[in-house]
Amino acid sequence: MSTMEMFFVGWFIVALAMVVLWLIQLRTGDAGIVDVAWTGGLGFLAIFFAVGFDGGVAARRWLIAALVAIWATRLLVYLLRDRILSGEEDGRYQTLRERWGDRAQRNLFIFFQVQAALAAVLALHFLLAMSSGRPLGVLDLIGAAVWAISIIGESTADRQLERFRSNPANRGRTCRDGLWRYSRHPNYFFEWIHWLAYIPIAWGAALWPAAFLAPAVMLYFMTRVTGIPATEEQALKSRGDDYRLYQQETSAFFPWFPKGKGR
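Values in this document were obtained by computation on a predicted structure and should not be read as measured data.

Right, let's get into the overall build of the chain. The helix and strand tally for the chain stands at 10 helices and 0 strands. Traced from its N-terminal end to its C-terminal end, the chain shows the element sequence α-α-α-α-α-α-α-α-α-α. The C-alpha radius of gyration computed for the chain amounts to 19 Å, which stays within 12% of the reference 18 Å derived for 263 residues, consistent with globular compactness. Counting only residues that meet the buried cut, the chain has 48% of its 263 residues in that class. Relative to all contacts within the chain whose residues are 6 or more apart in sequence, the contacts with residues 24 or more apart total 79%. Of the roughly 12800 Å² of accessible surface on the chain, 66% is carried by carbon and sulfur atoms. For the chain, the centre of its 27 positive side-chain charges and the centre of its 21 negative side-chain charges are spaced 5 Å apart.

Have a look at this one:
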């Protein structure tokens, strides 16, 4: 199977899975399952490419597949527990349903398919890194180290938020514990760091500079489209002035020292 054939077959499988999950959310009323599917789709595509692609160095192909699979599994389990098994649809999708009204299901179908296409395009990042013919070395270790930082940072932020939310006394309040003191979205920040890990690993590939595309796309989506804007719109609805103060005091994405009362 050629590289492009692998890409389109992988995309088709993920797109088909999104159709099935869209039908499921018709019954459950919970569109948050798309986040789980997107994450799982990326893990699947990395393994699919590692199996089907015969270029580059075999050890690097499986290193990348292992890194992506571990990242995807950790995030998938967290999303299942936090957004699906919690019994309440994520506030971002509640906001979208309200905004779209009668067009909600049509738009959600399109949204699910856009997520499938995005997963396929981003997975090309893994395929690019796999194509490098350079022997495994220091650059691969640097990439693995960046990956480890992203996993540790994101899982720490998730645990801190989960612990804060588990205390009934914090209902209606904004988490400022740990990493959340320095960024309003440390989970998104470390998720973005994950995409930087494959840049040094890709060094030596014919189109190596294209490895910067996935982090750029993720940064745009996180800060401008489906990440921070929708999350903060819902946070302002549920936490009001407390969250407005948090916005004034705390960096939106890149961690930095808080301003004013947050110091």
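Tallied over the entire structure, the rule returns 13 salt bridges. Close ionic contact of Glu98 with Lys237 constitutes a salt bridge, the shortest N to O distance being 3.3 Å. You can see Glu98 sitting in helix H4 (residues 91-100) and its partner Lys237 sitting in helix H10 (residues 228-249), a full 139 residues away along the chain. Bridged by salt links that share partners, the residues Arg60, Arg134 and Asp140 form one connected network.

Here we come to the nonpolar core. Trp38, Leu42, Trp71, Phe112, Phe126, Trp195 and Tyr198 are the most contacted members of the largest nonpolar core, which totals 74 residues. It is helix H5 (residues 104-130) that provides the largest number of residues to this core, a total of 14 residues. Apart from the residues within four sequence positions on either side, Trp38 is in contact with Met18, Trp71, Gln115, Leu118, Ala119, Leu122, Glu191, Trp195 and Met218.

Turning next to the packing of aromatic side chains. Counted by the stated rule, this structure contains 23 aromatic pairs. With 6.1 Å between their ring centres and 50° between their planes, Phe48 and Phe49 make a pair best called tilted. As far as burial versus exposure is concerned, Phe48 and Phe49 are alike and both buried. Among the aromatic residues, those joined into a cluster by ring pairs are Phe189, Phe190, Trp192, Phe253 and Phe254.

Moving on, we come to the environment of Val9. Within the secondary structure, Val9 is located in helix H1 (residues 3-28). For the pair Val9 and Ala120, spaced 111 residues apart in sequence, the C-alpha separation works out to 9.9 Å. Excluding residues within four positions of it along the chain, Val9 makes contact with Met1 and Phe48.

Right, let's talk about a nonpolar patch on the surface for a bit. Among the surface-exposed residues, Met1, Val9, Phe12, Ile13, Leu16 and Phe44 lie close enough to one another that they form a single nonpolar patch of about 560 Å² accessible area. No other element matches the 4 residues that H1 contributes to the nonpolar patch. Within the secondary structure, Leu16 is located in helix H1. You can call Leu16 partly exposed: its relative accessible area is 47%.

The rules behind these values
Residues numbered from 1 in each chain as written. Predicted model: local features only at pLDDT ≥ 70, side-chain atom pairs only at ≥ 80, totals over all residues. Heavy atoms only, no water. Helix = DSSP H or I, 4+ residues; strand = E, 2+ residues; numbered from the N terminus. Rg over C-alpha atoms; globule rule 2.2 N^0.38 Å. Buried < 20%, exposed > 50% of the residue type's maximum accessible area, 1.4 Å probe, protein only. Contact = heavy atoms within 4.5 Å. Areas by Shrake-Rupley, 256 points an atom, 1.4 Å probe, with all protein chains shown as cover. Lys, Arg positive; Asp, Glu negative; His and termini not counted. Charge placed at Lys NZ, Arg CZ, Asp CG, Glu CD. Salt bridge = Lys/Arg side-chain N within 4 Å of Asp/Glu carboxyl O. Core = buried A, V, L, I, M, F, W, Y, C linked by side-chain atoms within 4.5 Å. Phe/Tyr/Trp six-rings, centres within 6.5 Å; stacked < 30°, edge-to-face > 60°. Patch = residues over 30% accessible without salt bridge, like charges linked within 9 Å, V, L, I, M, F, W, Y side chains within 5 Å.

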